[in-house]
Amino acid sequence: MQALIFGLMVPVVPILVRKLYKKEENLTALQAVGRYMVYALLSILLTSIVMVAMCDEGISVLEKMERSPVFTLKYIFLEAVAAGLIAAAEWLYSAGKVKVTVEWDGYRNLAPARFSRKILFPIGLYALAVLVVSLNFGLMFDNVVWGDEAYTCNAIRGSWGELFWILTEEENHPPLHFVWMKLFAELFGYTVPVYHFASFVPFCMGIIGAVTLLRKRYGNLPAAFFVMISGLAAPCLEYNMEIRMYALAFLGLAGCYYCVSRILSGSRAAGWIGMVFWASVAAYSHYYALVAAGIMMFMASAIAYLRYRGRVWIKGLASMLAFLAIYAPWLSQLLRATGNVSRNWWMTEIESIGTSLDMIGCGAGMSSIVLALLFIMAAALFLTESSLFHTEKREDRFFVNVTVPSTGKWSDETWTFAVGLLTIAGTLVFAYGLSIAVRPLLTSRYLYPLCAVSAIMLAAGSKRILELLKRMEGHFHKSGFAGAGKCVLMLALVVLFARGIGNYGSYKAVVDSEDERTGEVLYYLGEPAEDTQFVSNGIQHIGWTVLSHYFRDTEVVNGNYTQATSDDVWYFTPDFLDANEIEAVSGMGYNITANYGNQQLGKYQFVLYHFERQAQE
């Protein structure tokens, strides 16, 4: 706390020093606050860069401060030094002691600059798209499924009639994902890589949309945010290949949001039709995507009417009615599923808001950057375009007037950003309200489709921020604002790329390890005989769906070794058998022919035994 207080006082030093050599200068309150914030950011940045190098790996600066008073004193000393350097640098520049000139033309003609300008920047978005598609493609060829994935695989193996019965009598999710998976399986075969490919296709469709539609609407640099996030964010790497409905829900909500941006730009029929279509894709993929799409459609329709008036309300109403009509055949199943989960569901605790925001911010490694960018963009767009501040120059001085805010001058991108913000907020309010009123019904992966909203919000916000910075150049008669903004956005993309490559490396290692361990277990199990029995002693999902996926014709029993009845038994148990249990197994007439020790099938770990019935004498 003392370090924090001192850190807040340090930026005052450069202000006082400036007052000593510019006594005639009278700073307004706004100018003083602005200088204070700039000095604070610079001093914290300079100090943190040095202090990070002094921290142990995996320990943050704040954690180090809590553990070591000496470290805190070093931090305070460095902040004071940083403040002194800032004050000295400003004095040298203001007093004319140091003049800095840069030969920009020379730098522009350097080979790296020419390469970047003529080749790298024009093809950068496409190169990034090819890279992320290639990296995700490499994750397709494992033979690993977890419990819910195995459930999907088992459900689609039967006939279309059997699948329809499962969807209407047993399953608590919408049908599109199952139908989509079965179509791919019928065309290319019932194998795990084919199932992964069915999820990979929606991801590729999103990338194609980014390098064509988003690029055309927002530009290369803003569109790169969507490509970066959808291809390298930690949850995207997982759900781009998962044999579940999340890839389709992500694509549906992304398509719906893009069409909303067109509607708010004055689109006629195409935007409204597209919004209904993609909202239906999202709604038939996941129920939380249904909620998000419904909120998004309502907000877009209301805002479009407020902006354009006239007969736009008819288009909005017609779109909502069309959406309801398309979803009407499934409403009875939605009510059935709601009743089922309200009576019995696997969740016991409400997901923390921090975990939910981490998912909306595109997962570990990226969420802090994404959420910070969204916050900064929201503040910049809403404050500047709401006409809250009005500046004018008189007698070489700038005056700032605070006025009543208005949405009358909001741009298309700002309205699009607002719809995304309202969609995220509305979905969170619904999810937590439902979890409080009924029972816990929210886990972070249910919010995964909102990652698409966050990614497009970054694209829309980036474009508008760059336009505002360009406009500032004319207002202040100075160049470089837009260039500086592009540099900041490029830096953010570079950091996201570094985090994304780290995410890919970590996830690829997990996938490869699980695939190798799964292959070992499948090798041990071989081709079970007709009378072989698998007994799972409480191993999560193993006895429910996973073993049935790999061995469709083999009996699976959930229970301990006392449930074994066959002559040939494979026993999956959390712990090694003790002496009494081994004796009990022998008393049941079994020989323990093999103890394979700790094994793993997918993400599930267990101890594997093989029993055989003793021959009768």
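Residues numbered from 1 in each chain as written. Predicted model: local features only at pLDDT ≥ 70, side-chain atom pairs only at ≥ 80, totals over all residues. Heavy atoms only, no water.

1. Describing the packing of aromatic side chains
Under the defined criterion, the tally for this structure stands at 30 aromatic pairs. Residues F572 and F606 carry aromatic rings whose centres are separated by 5.1 Å and whose planes lie at 70 degrees to one another, so their mutual orientation is edge-to-face. Placement of F572 in strand β5 (residues 568-573) and of F606 in strand β7 (residues 604-613) is noted, with a sequence separation of 34 residues between them. Of the two residues, F572 and F606, both sit in the buried class. When the ring of Y609 is compared with that of F611, the centres are 6.4 Å apart and the planes differ by 45 degrees; the resulting orientation is tilted. Accessibility expressed as a relative area gives 3% for Y609, which makes it buried. Grouped by ring-pair contacts, the aromatic residues F137, F141, W180, F184, F188, F197, F200 and F203 constitute a single cluster. (Phe/Tyr/Trp six-rings, centres within 6.5 Å; stacked < 30°, edge-to-face > 60°. Helix = DSSP H or I, 4+ residues; strand = E, 2+ residues; numbered from the N terminus. Buried < 20%, exposed > 50% of the residue type's maximum accessible area, 1.4 Å probe, protein only.)

2. Focus: the nonpolar core
The biggest cluster of nonpolar side chains holds 149 residues, and the ones touching the most others in it are V227, I229, M275, F572 and L601. In terms of residue count, helix α21 (residues 450-476) provides more of this core than any other element does, 14 residues in total. If you look at the next biggest cluster of nonpolar residues, it comprises 12 residues, including V535, Y561, V569 and F611. (Core = buried A, V, L, I, M, F, W, Y, C linked by side-chain atoms within 4.5 Å.)

3. Focus on the packing of helix α11 (residues 192-218) against helix α12 (residues 220-232)
Close contact between α11 and α12 brings their axes to 8 Å; oriented N to C, the two are set at 165 degrees. What the angle tells us is that α11 and α12 run roughly antiparallel. For the pair α11 and α12, the sense of crossing is right-handed. Across the interface between the two elements, F203, G206, I207, A210, V211, L214, R215 and Y218 of α11 pack against N220, P222, A223, F226, V227, S230 and G231 of α12. (Axes fitted to C-alpha atoms, helices over the stretch in contact; angles between N-to-C directions. Parallel < 35°, antiparallel > 145°, perpendicular 65-115°, else oblique. Left-handed = near helix turned anticlockwise from the far one by under 90°. Contact = heavy atoms within 4.5 Å.)

4. Quick word on the environment of G363
Within the fold, G363 resides in the loop between α18 (353-360) and α19 (367-385). Accessibility expressed as a relative area gives 5% for G363, which makes it buried. Setting aside residues no more than four positions away along its own chain, G363 makes contact with P235 and D358.

5. Examining the pattern of salt bridges
Scanning the model with the defined rule gives 10 salt bridges in all. The salt bridge partner of K508 is D512, with a shortest N-O separation of 3.0 Å. Within this pair, K508 and its partner D512 are both found in helix α22 (residues 481-525), separated by four residues, close to a single helical turn. Of the charged contacts, one joins D567 and R613 as a salt bridge, the two residues approaching to 3.3 Å between their closest N and O atoms. (Salt bridge = Lys/Arg side-chain N within 4 Å of Asp/Glu carboxyl O.)

6. Thoughts on the pairing of strand β4 (residues 555-558)
Side chains on a regular strand alternate between the two faces of the sheet. Where strand β3 (residues 532-536) meets β4, four bridges bridge the pair, whose relative direction is parallel. Following the sheet pairing, V535 is matched in β4 by V557. For the crossover that starts at β3, traverses helix α23 (residues 542-550) and ends in the parallel β4, the hand is right-handed. (Pairing = 2+ DSSP bridges. Right-handed = clockwise from strand over helix to strand, strands pointing away.)

7. A word on the side chain of S261
Checked against the element boundaries, S261 lands in helix α14 (residues 246-263). Other than its neighbours up to four places away in sequence, S261 contacts R217, Y218 and T416.

8. Topic: unusual backbone geometry
At R309, a position not held by glycine, the phi torsion is positive, near 55 degrees. Here R309 shows up in the loop between α16 (287-308) and α17 (312-343). The phi torsion at C362 lies on the positive side, around 80 degrees, for a residue other than glycine. Here C362 lies in the loop between α18 and α19.

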